[in-house]
Amino acid sequence: MKDKIVIITGGSSGIGLACAKRFARAGAKIVITGRDKTKLDAAIAILHNIHSDVFAVVSDVRNFNDCKLIIDETLSRFGRIDVLINNAGISMRGKFEEVHLDVFQTVMNTNFWGTVFCTKLALPHLLKTKGSVVGISSIAGKKGLPGRTAYSASKFAVEGFLETLRTENMKEDLHVLVACPGFTTSGIRRASLGPDGSPQKESPRNEAEMMSSEEVANHIYNAVIHRKRDIVLTFNGKITVWLNKFFPALVDKMVYKHMAKEPGSPFK
């Protein structure tokens, strides 16, 4: 990864910032994006302690022109792109019958369309470098989670998109990685949207018991180095995906029971 050019969307916190630090330690030149300039400035200050060649682009991946700005700024500064990590994402919680459709659209626009926009714009440059497209999916992209309809739908869509992209470009030596963390300490649940679109603010889960963002970043870094197709993280994540292949009805009951135990769960 030394001197490789790595773009990380949603790079000011959580898994995105952890990936930025991990790739920077390997000598990569880093571009991070996000909507909050204050958070981006704080992240850049951290990254400058690791590598001098890092910069941020204030942008919203839901906006095609903002995604174009990310790619244009990267090319202007570095002249090429080697790795695109589509990490920007948002979650939600609520029964579908109670969720406002604009919440559903916000999640889809961020998680799915943000990935499509950035990948579309970066693809010609990644094909030149035989680079990597990374999609940060979720176990929710393998198994639909009750109370997370929009989130699961967005991650299923991302996985279908990236799987097809991989197949279309199998003769072009484009590397496409789908990374599926399990529950991770990343802050995503605090920013998660409720049925009316208001932020959840408090995590309904014990964050201390989860895999750290840094550990997830290490797995993603190694998967990019070894050009892996897919990674599924955490024991619970792996067993859920495996069981769902053979006993989907059983896993339906298991995930329902598991999600119903969350404080404030919409299920009983």
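Residues numbered from 1 in each chain as written. Predicted model: local features only at pLDDT ≥ 70, side-chain atom pairs only at ≥ 80, totals over all residues. Heavy atoms only, no water.

A.B. asks: Just checking my understanding: could you explain the overall build of the protein chain for this structure?
C.D. replies: Summing up its helical and strand segments, the protein chain has 8 helices and 9 strands in all. What you see for the protein chain is a C-alpha radius of gyration of 18 Å, in line with the 18 Å of a compact globule of 268 residues. In terms of overall dimensions, the protein chain has a C-alpha envelope of 55 × 40 × 30 Å along the principal axes. Buried positions account for 53% of the 268 residues belonging to the protein chain. For the protein chain, restricting intrachain contacts to residue pairs at least 6 apart in sequence, the fraction spanning at least 24 positions comes to 71%. Working note: accessible area of the protein chain is about 12700 Å², and carbon and sulfur atoms make up 54% of it. (Helix = DSSP H or I, 4+ residues; strand = E, 2+ residues; numbered from the N terminus. Rg over C-alpha atoms; globule rule 2.2 N^0.38 Å. Buried < 20%, exposed > 50% of the residue type's maximum accessible area, 1.4 Å probe, protein only. Contact = heavy atoms within 4.5 Å. Areas by Shrake-Rupley, 256 points an atom, 1.4 Å probe, with all protein chains shown as cover.)

A.B. asks: Help me understand the side chain of Ser154, please; the structure alone is not making it clear to me.
C.D. replies: Mapped onto the elements of the fold, Ser154 is located in helix H5 (residues 149-168). In this structure Ser154 comes out as buried when scored by relative accessible area, which is 0%. Residues within four places of Ser154 in sequence aside, it is in contact with Val107, Met108, Asn111 and Phe112.

A.B. asks: Sorry, what's going on with the pattern of salt bridges here?
C.D. replies: Any two side chains of opposite charge can pair if their charged atoms end up close together. By the definition in use, this model includes 14 salt bridges. Here the salt bridges share partners, and the residues they tie into one network are Lys29, Asp53 and Arg77. (Salt bridge = Lys/Arg side-chain N within 4 Å of Asp/Glu carboxyl O.)

A.B. asks: Any chance you could explain the environment of Glu209 here in plain terms?
C.D. replies: Relative to the assigned elements, Glu209 resides in the loop between strand E7 (184-185) and strand E8 (211-212). Take Glu209: its relative accessible area is 67%, and that puts it in the exposed class. Taking C-alpha positions, Glu209 is 27 Å from Gly34, a pair spaced 175 residues apart along the chain.

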